[in-house]
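# Residue-level structural notes
Next come the chains, spelled out residue by residue.
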Amino acid sequence: MEVFLIMPTSPEDRAKLSYELAKFHAQALKMVQKLPWSTEQKLALIDAVVEHCKQDNSEKNRPHRKRSSKTT
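Only a predicted model underlies this, so the values are computations on that prediction, with no experimental measurement involved. (Residues numbered from 1 in each chain as written. Predicted model: local features only at pLDDT ≥ 70, side-chain atom pairs only at ≥ 80, totals over all residues. Heavy atoms only, no water.)

What follows deals with the overall build of the protein chain. Along the backbone of the protein chain there are two helices and zero strands. Relative to its full complement of 72 residues, the protein chain shows a buried share of 4%. As displayed, the protein chain has an accessible area near 7500 Å², and 59% of this comes from carbon and sulfur atoms. (Helix = DSSP H or I, 4+ residues; strand = E, 2+ residues; numbered from the N terminus. Buried < 20%, exposed > 50% of the residue type's maximum accessible area, 1.4 Å probe, protein only. Areas by Shrake-Rupley, 256 points an atom, 1.4 Å probe, with all protein chains shown as cover.)

Okay, here's the thing in structure tokens:
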């Protein structure tokens, strides 16, 4: 899934976005806390999500290679 976000330009709108992101983060952590898993398993899940986001972000920042349409 790809999400496109147009960043707000005004300080008020940036503050609103920050607030909404903080609410989302808190809700996600509450959901993880409710899982019937050990603390180690929960931390491993969070680490995996962070690593996945880092990898996904680094792939999007790579220059795109044009594929050749030639057939040999």
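Before going further, it helps to spend a moment on the side chain of K42. Turning to its location among the elements, K42 is positioned in helix α2 (residues 39–60). Summary of buried charges: K42 has no salt-bridge partner, and the nearest side chain of opposite charge, E40, is 9.5 Å away. Discounting chain neighbours no more than four positions away, the residues touching K42 are V32, Q33, L35 and W37. (Lys, Arg positive; Asp, Glu negative; His and termini not counted. Salt bridge = Lys/Arg side-chain N within 4 Å of Asp/Glu carboxyl O. Contact = heavy atoms within 4.5 Å.)

What follows concerns the pattern of salt bridges. Evaluated as defined, the whole model comprises one salt bridge. Here E20 and K23 are joined by a salt bridge, their closest N and O atoms 3.4 Å apart. Taken together, the positions of E20 and K23, both in helix α1 (residues 11–34) and three residues apart, correspond to about one turn of that helix. Since its relative accessible area comes to 42%, E20 is described here as partly exposed.

A cluster of nonpolar side chains, contributed by L29, L43, I46 and V50, occupies part of the molecular surface with about 290 Å² of accessible area. Considering each element in turn, the nonpolar patch owes the most residues, three residues, to α2. Among the structural elements, L29 can be located in helix α1. (Patch = residues over 30% accessible without salt bridge, like charges linked within 9 Å, V, L, I, M, F, W, Y side chains within 5 Å.)

A few words now on the environment of L35. Within the secondary structure, L35 sits in the loop between α1 and α2. We classify L35 as partly exposed; its relative accessible area is 27%. Leave out the neighbours within four places in its chain, and L35 touches K42 and L45.

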